[in-house]
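Coordinate analysis (summary)
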Amino acid sequence: MLVDGGRVNFNMHGHGEGNSVTYEKGPGSTGDEGEIIATFDDEHGWFWRNRDSQPATVTVQVRGEYTEFKDAS
């Protein structure tokens with residue numbers, strides 16, 4: 001993940017069918033990299049919130065096995 005123009009709070013998580021997990025979360029990120037190894041089948045992803053007064057663009061590069069990648073904004 002790369003953040004251009006500011007900083008974002010983030011939450012990397014999974015949920016569905018009675019399961020819920022937070023893999024990582026943090027304030028004021030300008031970018032990071034890593035991997036998610038899903039602990040169960042269902043939805044896994046990220047949530048970002050811009051806490052700065054200026055616009056920010058979040059860019060995500062993904063690879064691996066997934067059935068769908070969607071923008072839920």
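First, a word on scope: everything that follows refers to the structure included in this document.

1. A word on the overall build of the chain
Of regular secondary structure, the chain possesses zero helices and five strands. Of the regular secondary structure in the chain, the N- to C-terminal order runs β-β-β-β-β. For the C-alpha atoms alone, the extent of the chain along its principal axes is close to 35 × 25 × 20 Å. Expressed as a percentage of its 73 residues, the buried residues of the chain come to 15%. Just so you have it, the chain exposes about 6,000 Å², and 43% of that area is on carbon and sulfur atoms. Of the side chains in the chain, 6 bear a positive and 13 a negative charge, and the two mean positions are spaced by 10 Å.

2. Describing the pattern of salt bridges
A pair can form between side chains of opposite charge whenever their charged atoms are brought close. The full count for this structure, using the stated rule, is one salt bridge. Put simply, Asp52 and Arg7 hold a salt bridge, and the shortest N to O gap is 2.7 Å. Separated by 45 residues along the polypeptide, Asp52 in the loop between strand S4 (43–50) and strand S5 (57–59) and Arg7 in the loop between strand S1 (2–4) and strand S2 (8–16) bring together distant segments of the chain.

3. Thoughts on the environment of Thr67
As for its position among the elements, Thr67 is in the segment after S5. For Thr67, a relative accessible area of 85% corresponds to the exposed category. Taking the C-alpha atoms as reference, Thr67 lies 20 Å from Tyr23; in sequence the two are 44 residues apart.

4. Here we look at a nonpolar patch on the surface
Judged by side-chain polarity, Trp46, Val62, Tyr66 and Phe69 come together as a nonpolar surface patch covering roughly 400 Å² of accessible area. Inspection of the secondary structure puts Tyr66 in the segment after S5. Assessed through its relative accessible area of 47%, Tyr66 is described here as partly exposed.

5. Notes on the sheet that holds S4
Read from one edge of the open sheet, three strands run S3-S2-S4, paired in antiparallel fashion. This sheet does not close on itself; its edge strands, each paired only once, are strand S3 (19–29) and S4. Taken pair by pair, the neighbouring strands of this sheet meet at an average axis angle of 15°, ignoring direction. One ladder, built from eight bridges, connects S2 with S4; its direction is antiparallel. Bridge pairing in S4 links His15 to Glu43.

Reading the values: rules and limits
- Along each chain, residue indices are assigned from 1 in the same order as the chain's sequence is written.
- In keeping with the model being predicted, local features are shown solely for residues with a pLDDT of at least 70 and side-chain atom pairs are shown and tallied solely at 80 or more, while totals for entire chains, interfaces and linings include all residues.
- The side-chain quantities take in all heavy atoms of the structure and omit both hydrogens and water.
- Only DSSP runs of H or I reaching four residues or more are called helices, and only runs of E reaching two or more are called strands; each is numbered from the N terminus.
- Type-normalised accessible area, obtained with a 1.4 Å probe on protein chains alone, sets the label of each residue: buried when under 20%, exposed when over 50%, and partly exposed for intermediate values.
- Calculation of accessible area relied on Shrake-Rupley with a 1.4 Å probe; when residues are assessed, cover is drawn exclusively from the protein chains displayed.
- In this tally, Lys and Arg are treated as positive and Asp and Glu as negative; His is ignored, and so are the chain termini.
- To locate a charge, take atom NZ for lysine, CZ for arginine, CG for aspartate or CD for glutamate.
- In what follows, salt bridge is the name for a side-chain nitrogen of Lys or Arg lying within 4 Å of a carboxyl oxygen of Asp or Glu.
- Patch definition: residues with relative accessible area over 30% and no salt bridge; like charges joined within 9 Å; nonpolar side chains (Val, Leu, Ile, Met, Phe, Trp, Tyr) joined within 5 Å.
- The rule for pairing is simple: two strands pair if DSSP sees at least two bridges between them.
- The axes are straight lines fitted to the C-alpha atoms, using for helices just the contacting stretch, and the angles between their N-to-C directions are given from 0 to 180°.

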